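# Topology and contacts: notes
Here are the chains, one letter per residue:
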Amino acid sequence: MSRAPRLIAIGRLKGGPEAALFEQHNARLRPPFAVTELPEARGSPGEIRRREGAALLAALPEAALAVALDLGGEAPGSEALAALAARWEAAGKPLCFLIGGAEGLDEAVLARADHRLSLGPLTWPHFLVRGLLAEQWYRVQAIRSGHPYHRPWRP
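Residues numbered from 1 in each chain as written. Predicted model: local features only at pLDDT ≥ 70, side-chain atom pairs only at ≥ 80, totals over all residues. Heavy atoms only, no water.

Our next topic: the sheet that holds strand β4 (residues 95–99). Within the open sheet, the five strands sit side by side as β2-β1-β4-β3-β5. Their pairing is parallel. The outermost strands of the open sheet, each flanked by one partner alone, are β2 (34–38) and β5 (115–117). Adjacent strand axes in the sheet meet at a mean angle of 30 degrees when their direction is disregarded. Helix-sheet contacts for helix α2 (residues 45–59) involve β1 (6–10), β2 and β4, and the interaxial angle to β1 is about 160 degrees. (Pairing = 2+ DSSP bridges. Helix = DSSP H or I, 4+ residues; strand = E, 2+ residues; numbered from the N terminus. Axes fitted to C-alpha atoms, helices over the stretch in contact; angles between N-to-C directions. Contact = heavy atoms within 4.5 Å.)

Packing of helix α1 (residues 17–26) against helix α5 (residues 126–145) brings their axes to within 8 Å, and their N-to-C directions diverge by 20 degrees. On the basis of the axis angle, α1 is roughly parallel to α5. Seen from above, α1 lies across α5 with left-handed handedness. Contacts from Glu 18, Leu 21, Phe 22, His 25 and Asn 26 of α1 reach α5 at Phe 127, Leu 128, Arg 130, Gly 131, Leu 132, Ala 134 and Glu 135. (Parallel < 35°, antiparallel > 145°, perpendicular 65-115°, else oblique. Left-handed = near helix turned anticlockwise from the far one by under 90°.)

The subject of this paragraph is the pattern of salt bridges. Going through the model one piece at a time under the given rule, you end up with seven salt bridges. Note that Arg 51 is salt-bridged to Glu 47, the shortest N-O span being 2.9 Å. Here Arg 51 pairs with Glu 47, and both are found in helix α2, just four residues apart, close to one helical turn. Across the pair Arg 139 and Glu 135 runs a salt bridge whose closest N-O atoms are separated by 2.8 Å. Residue Arg 139 and its partner Glu 135 are both found in helix α5; the two are separated by four residues, about one turn of the helix. Note on Arg 139: relative accessible area 18%, which makes it buried. Within this structure, Arg 12, Glu 37 and Arg 130 form a network of salt bridges that share partners. (Salt bridge = Lys/Arg side-chain N within 4 Å of Asp/Glu carboxyl O. Buried < 20%, exposed > 50% of the residue type's maximum accessible area, 1.4 Å probe, protein only.)

Along the chain, Ala 63 falls in the loop between α2 and β3 (65–74). As for Ala 63 and Leu 95, which are separated by 32 residues in sequence, their C-alpha atoms are 9.3 Å apart. Residues contacting Ala 63, with those up to four places away along its chain left out, are Lys 93 and Pro 94.

This part covers the packing of aromatic side chains. What the rule picks out here adds up to six aromatic pairs. Ring centres of Phe 97 and Trp 137 lie 5.1 Å apart, and the angle between their planes is 70 degrees; this geometry places the pair in the edge-to-face category. Of this pair, Phe 97 sits in strand β4 while Trp 137 sits in helix α5, and the two are 40 residues apart along the sequence. The residues Phe 97 and Trp 137 share a single accessibility class, namely buried. Among the aromatic residues, those joined into a cluster by ring pairs are Phe 33, Trp 88, Phe 97 and Trp 137. (Phe/Tyr/Trp six-rings, centres within 6.5 Å; stacked < 30°, edge-to-face > 60°.)

When the terminal C-alpha atoms of α5 are compared, their 29 Å separation across 20 residues agrees well with the 28 Å that a helix rising 1.5 Å per residue should span. The element α5 is extensively covered by neighbouring structure, given that 14 of its 20 residues are classed as buried. Looking at the residues trailing α5, positive phi occurs at Gly 146, about 80 degrees. (Expected span 1.5 Å × (residues − 1).)

Attention shifts here to the pairing of β4. Within β4, five of the five residues are buried, which leaves the element mostly enclosed by the surrounding structure. Burial along β4 is two-sided: Leu 95, Phe 97 and Ile 99 facing one way and Cys 96 and Leu 98 facing the other are all buried. The sheet contact formed by β1 and β4 spans four bridges and is parallel. The residue bridging Ile 8 from the neighbouring strand is Leu 98, located in β4. Bridge count for β3 against β4 is four bridges, and the pairing is parallel. The residue of β4 that forms the bridge with Val 67 is Phe 97. The handedness of the β3 to β4 crossover, carried by helix α3 (residues 78–90), is right-handed. (Right-handed = clockwise from strand over helix to strand, strands pointing away.)

Just geometry here; none of it tells us what the structure is for.
Shown next as structure tokens:
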């Protein structure tokens, strides 16, 4: 994994346990996520999704391979995510993960996404998703390099 993947997210992650979790795992990544934070929108839930979706799409490089973090997406195991990561890297495009705000992702973002990734059937707070993604991406790197961090025999 040569190029730094981008994490484009709604909301500013302030100090606290969510930020500490993200920083702990992002610091282990080689290279770490390049993070772009976009402001949370105001209005009705639909208007918020539309405005935040437009901001996410505007921040997304045109040639990027976009992975939307979405509850309705595919929920692979860690080994399967490592295989996906290899495919994404082989595509030769900048890899960008998109995380919406509290109202979720707009349909326009989901339509643009090359892949929809779920962290499982549970609903996670959008600020916590950053740390969970960073940990899984570190696990992906460990799997792909043969590092013993990932123990496949454990659930």
